[in-house]
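# Examination of the molecular architecture
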Amino acid sequence: MESNQPKCEKCGSPLVERKGTSKDGKPYHFWGCSAYPKCDFTWRPAKEERNGNVIEEIVGKVVEEKLAGIKDSLKIMNDNIILIANKLKK
């Protein structure tokens, strides 16, 4: 069963919401890799994106990447079918 949990772009581990403090002492939220310190990937939405639903945005990116991978796999399969069909015609 596949999870809707956002994944790290570096290592594929789940991302977790974390809290930090800026240099001027203001708190902020960001997403960090659950494999930290082994993986140091972090993601913070641009200021104009912070008012939206961050989870939906991250999940949307993951879905787009998976669809691109599926599309590439289908292209390879189609190319292989064409090669086999051409060999059978001979």
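First, a word on what this report is: a plain description of the structure on this page.

## Focus on the overall build of the protein
A count of helical and extended segments in the protein gives 1 helix and 3 strands. Starting at the N terminus, the α and β elements of the protein follow one another as β-β-β-α. With an accessible surface of roughly 7,600 Å², the protein has 56% of that area assigned to carbon and sulfur atoms.

## Some thoughts on the pattern of salt bridges
Summed over all chains, the structure comprises 3 salt bridges. Among the ionic pairs, Asp-40 bridges to Lys-10, the shortest N-O distance being 2.6 Å. Residue Asp-40 is found in the loop between β2 (27–33) and β3 (42–43), and its partner Lys-10 is found in the segment before β1 (15–21); the two are separated by 30 residues along the sequence. A relative accessible area of 49% means that Asp-40 is categorised as partly exposed. Between Lys-26 and Asp-24 there is a salt bridge whose closest N-O contact spans 4.0 Å. Accessibility classification places Lys-26 together with Asp-24 in one group, the exposed group.

## Section: the sheet that holds β3
Judged by pairing direction, the sheet is antiparallel, and its 3 strands sit side by side in the order β1-β2-β3 without closing on themselves. At either margin of the open sheet sits one strand with a lone partner, and together these are β1 and β3. Pairing of β1 with β2 involves 7 bridges; the strand directions are antiparallel. Among the inter-strand pairings, Arg-18 is bridged to a residue of β2, identified as Phe-30.

## Brief notes about a nonpolar patch on the surface
Together, Val-63, Leu-67, Ile-70, Leu-74 and Met-77 give the surface a local cluster of nonpolar side chains, amounting to about 490 Å² of exposed area. Overall, Val-63 belongs to the partly exposed group, its relative accessible area being 44%.

## Observations concerning the state of the cysteines
All told, the structure shown has 0 disulfides when counted by the stated rule. No disulfide involves Cys-11; its sulfur sits 3.5 Å from the nearest other cysteine sulfur, which is in Cys-33.

Rules behind the numbers
Residues numbered from 1 in each chain as written. Predicted model: local features only at pLDDT ≥ 70, side-chain atom pairs only at ≥ 80, totals over all residues. Heavy atoms only, no water. Helix = DSSP H or I, 4+ residues; strand = E, 2+ residues; numbered from the N terminus. Areas by Shrake-Rupley, 256 points an atom, 1.4 Å probe, with all protein chains shown as cover. Salt bridge = Lys/Arg side-chain N within 4 Å of Asp/Glu carboxyl O. Buried < 20%, exposed > 50% of the residue type's maximum accessible area, 1.4 Å probe, protein only. Pairing = 2+ DSSP bridges. Patch = residues over 30% accessible without salt bridge, like charges linked within 9 Å, V, L, I, M, F, W, Y side chains within 5 Å. Disulfide = S-S within 2.5 Å.

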